[in-house]
Amino acid sequence: MPDFPTTIRIASTINQSLSPTMRRLLLTSILVIIVTVIAVTTPKAAADNNADTSSARQYLVAGVAFYNLENLFDTINSNGTYDLEFSPEGARMWNSDKYWKKIGNLAKAISSFDTPETPLGPAIIGISEIENRNVIEDLVHAIDDTLAARGKQPWNLQIVHHDSPDRRGVDVGLLYNPLFFTLENVNNHRLVIPDQPDFLTRDQLVVSGKIFEAPMSFIVNHWPSRLGGQKESSPLREAAATLSKAIADSLWSVNPGQGIVIMGDLNDDPSDKSCAVALGAVREREQATHHGFYNPFWWILDNGVGTLCYKGEWNLFDQIIVSGNLIPGTSDGMQYWKATVHNFPFLRTKSGIYKNYPLRTFSRGQFLNGYSDHFPTEIFFVKEVE
């Protein structure tokens, strides 16, 4: 668990030690979140409202989330095969009414990612199972409309998207809040399987920039599915993990000090070979090397919390994995704080044999007017203000 004390209070001030550029960016928002962490040593001290705060430290807080949007297709049949399913003439009778209900539901879910420490939402949101840029634009507008209806400031999320060669026509993407993240570079990497020259899947999207002036890169994934069996298909995900690790090593060769986050629907659990061996993401953060990886969702799954459920068994495919140089105590910059699964009550099935499963859009061909078959996840970083 994080080393940071758990007693916090929110302050609405901008520390003048930040650069003029950062102050100008943050002044455009209604509220800048600086978390003051009180050095509390005993339960009695924590309960004492008059406790000495002379040793208090202040931290900027940034959220990084991921959400599999479960087949976010428009209603236009643009490729004639898989796309036919998500058209008015297809098996799902995917029309404008269903599409806009889906958009509205996802907007409700994502706008609920705000927390007391991050009232303007995450700095970064990785997304998967999106058909094209147009559906993301509709979603971003709907998020701001939903926030406005709640009397809150729109997030003005910006979009990073790339059309992948996936046979089903789905891509990964990334949304970012320009108040907190400065975009610098975007790359895409194709997964090539030498003995399967016709194999096609989602490209890995690499987005680099700065959060609170700290250099960060995000590798957004949707690794190959378990089609054909978990064991039989595992080599494909191991290859995807190997590619992610190679991308990270390449990024570090340019800037050894940057933090790297690998996120996505990995179609495997933290303890599976792709994550634990090929990528080398460890369960205990103390085991993570500077240019290795720590997986905070391993212990979350061990405690019975997952992001999707199949035949009563929970899996946690939707992971956000952090580089070892983001672990507290390893650097003076951005540091990992905590992780969570956003299994909000409204995202769960209310009753029946699938009670508490994610409330998905369709089940057995029936339109449920739900959200996704995955719960979203989020981690939080802090950066001390000197």
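The rules behind the values
Residues numbered from 1 in each chain as written. Predicted model: local features only at pLDDT ≥ 70, side-chain atom pairs only at ≥ 80, totals over all residues. Heavy atoms only, no water. Helix = DSSP H or I, 4+ residues; strand = E, 2+ residues; numbered from the N terminus. Buried < 20%, exposed > 50% of the residue type's maximum accessible area, 1.4 Å probe, protein only. Contact = heavy atoms within 4.5 Å. Areas by Shrake-Rupley, 256 points an atom, 1.4 Å probe, with all protein chains shown as cover. Salt bridge = Lys/Arg side-chain N within 4 Å of Asp/Glu carboxyl O. Core = buried A, V, L, I, M, F, W, Y, C linked by side-chain atoms within 4.5 Å.

Glancing now at the overall build of the chain. The helix and strand inventory of the chain stands at eight helices and 19 strands. The buried share of the chain, taken over its 386 residues, is 54%. The long-range share in the chain, meaning contacts at least 24 apart out of those at least 6 apart in sequence, stands at 70%. In the structure as shown, the chain presents an accessible area of about 16900 Å², 51% of it carried by carbon and sulfur atoms.

Once that is clear, we can look at the pattern of salt bridges. Counted by the stated rule, this structure contains 20 salt bridges. Where R237 meets D268, a salt bridge forms, and the shortest distance between an N and an O atom there is 2.8 Å. Of this pair, R237 sits in helix 6 (residues 230–254) while D268 is found in the loop between strand 10 (259–265) and helix 7 (273–278), placing the two residues 31 residues apart along the sequence. Judged by its relative accessible area of 0%, R237 is buried.

Bringing the nonpolar core into the picture now. Counting residues in each nonpolar core, the largest one holds 77 residues, and the members touching the most others are I124, F218 and F381. It is strand 3 (residues 57–72) that contributes the most residues to this core, eight residues altogether. Those residues within four positions of I124 in sequence are excluded, and the remaining contacts are G63, V64, A65, L174, L175, Y176, F181, I211, F218 and M263. By size, the runner-up hydrophobic cluster in this structure holds 22 residues, among which are F199, I260, L266 and L279.

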